[in-house]
Amino acid sequence: MSLIRTFRRNTSLTTKSEETAPPNTMIEIESLHLHALSHLSNFYKDPATGFSVMTEYAHLNRGVCCGNTCRHCPYGWERTKGPDRKRVVKSGDKVDVERRLEELRRNSVPKKGCGG
């Protein structure tokens, strides 16, 4: 499954900051998140607020939903009250989390080696 399709599937509901964001900002957020995922980064900077935002990769490395309705939560906001989001993996399921991490690693940009 492509990272773009996964990202769009995970964002079927929006966080409060996303509800008021102009459409161009949402496109920029999606682009920043996909770029961060392709480099296996844990964070990227939100263009509207300047805050650091955890990527799906960072959440997967954490292993469980924290309950803070994070923008890129792959666990579907399992530990929050209110509507759930579509989840990519089950919170705490180590096998499923590792499968998704491996998928992200396969799709990442290769790191350049030292030397030359």
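Note that the coordinates shown come from a computational prediction; the quantities given were computed from them, not determined experimentally.

Examining the nonpolar core
Right, on to step 1. Ranked by size, the top nonpolar core spans 14 residues in total, and within it Y57, L60, C73, Y75, V89, V97 and L104 carry the most contacts.
Right, on to step 2. Elements that contribute at least two residues to this core include exactly α4 (56-62) and α5 (94-106).
Right, on to step 3. The element contributing the most residues to this core is α5, with 3 residues.
Right, on to step 4. When near neighbours in sequence (up to four residues on either side) are disregarded, V97 contacts L60, G63, Y75, V89 and K90.

Here we look at α5
Right, on to step 1. Compared with the 18 Å implied by 1.5 Å per residue over 13 residues, the 18 Å span of α5 between its first and last C-alpha is a close match.
Right, on to step 2. Within α5, the full set of buried residues consists of D96, V97, R100, L101, E103 and L104. All buried residues of α5 project into a common sector of 155° when viewed along the axis, lining one side. Facing away from the buried side of α5, by more than 90 degrees, are the exposed residues K94, V95 and R106.

Some words on the pattern of salt bridges
Right, on to step 1. The full count for this structure, using the stated rule, is 8 salt bridges.
Right, on to step 2. Between D46 and R71 there is a salt bridge whose closest N-O contact spans 2.8 Å. Residue D46 is found in the loop between β1 (43-45) and β2 (52-54), and its partner R71 is found in the loop between α4 and α5; the two are separated by 25 residues along the sequence. As far as the burial class goes, D46 and R71 line up, both buried.
Right, on to step 3. Between R87 and E78 there is a salt bridge, with the nearest N and O atoms lying 2.6 Å from each other.
Right, on to step 4. Residue R87 is classed as partly exposed on the basis of its relative accessible area of 41%.
Right, on to step 5. A relative accessible area of 26% places E78 in the partly exposed class.
Right, on to step 6. When salt bridges with common partners are traced through the structure, they connect E56, D96, R99, R100 and E103 into a single cluster.

Things to note about the environment of D46
Right, on to step 1. Accessibility expressed as a relative area gives 5% for D46, which makes it buried.
Right, on to step 2. In sequence terms D46 and E28 are 18 residues apart; their C-alpha atoms lie 9.0 Å from each other.
Right, on to step 3. Leaving out residues up to four positions away in the same chain, D46 has contacts with I29, F51, V53 and R71.

Notes on the environment of R71
Right, on to step 1. Given the relative accessible area of 9%, R71 is considered buried.
Right, on to step 2. When the C-alpha atoms of R71 and T55 are compared, they prove to be 8.2 Å apart, with 16 residues separating the residues in sequence.
Right, on to step 3. In terms of polar contacts, R71 uses its side chain to reach the side chain of D46, at 2.8 Å.

Considerations on unusual backbone geometry
Right, on to step 1. Despite not being glycine, L40 shows a phi value in the positive range, around 55°.
Right, on to step 2. With respect to the helices, strands and loops of the structure, L40 is situated in the loop between α3 (23-38) and β1.
Right, on to step 3. Of note in the backbone geometry, W77 takes a positive phi value of approximately 55° without being a glycine.
Right, on to step 4. Take W77: it is sitting in the loop between α4 and α5.

Conventions used here
- Counting from 1, residues in each chain are numbered in the order their sequence is written.
- Owing to the predicted nature of the model, reporting of local features is limited to residues with pLDDT of at least 70; listing and counting of side-chain atom pairs is limited to 80 or more, with chain, interface and lining totals taken over all residues.
- Excluding hydrogens and water, the side-chain values take into account all heavy atoms of the structure.
- Among buried residues, those of type Ala, Val, Leu, Ile, Met, Phe, Trp, Tyr and Cys that are joined through side-chain atoms within 4.5 Å constitute a nonpolar core.
- Relative accessibility thresholds used throughout: buried, under 20% of the residue-type maximum; exposed, over 50%; partly exposed, between the two (1.4 Å probe, protein chains only).
- By definition, any uninterrupted DSSP run of H or I lasting at least four residues is a helix, any uninterrupted run of E lasting at least two residues is a strand, and each is numbered from the N terminus.
- Note on contacts: a residue pair is in contact if any heavy atoms of the two residues lie within 4.5 Å.
- By this rule the span expected of a helix is its residue count minus one, scaled by 1.5 Å.
- The reported arc concerns the directions from the helix axis to the C-beta atoms and nothing else.
- By convention in these notes, a salt bridge is any Lys or Arg side-chain nitrogen within 4 Å of a carboxyl oxygen on Asp or Glu.
- Under this definition, polar contacts are N or O atom pairs within 3.5 Å; protein pairs additionally need one hydrogen-donor-capable and one acceptor-capable atom, and for neighbouring residues in sequence, both atoms have to be side-chain atoms.

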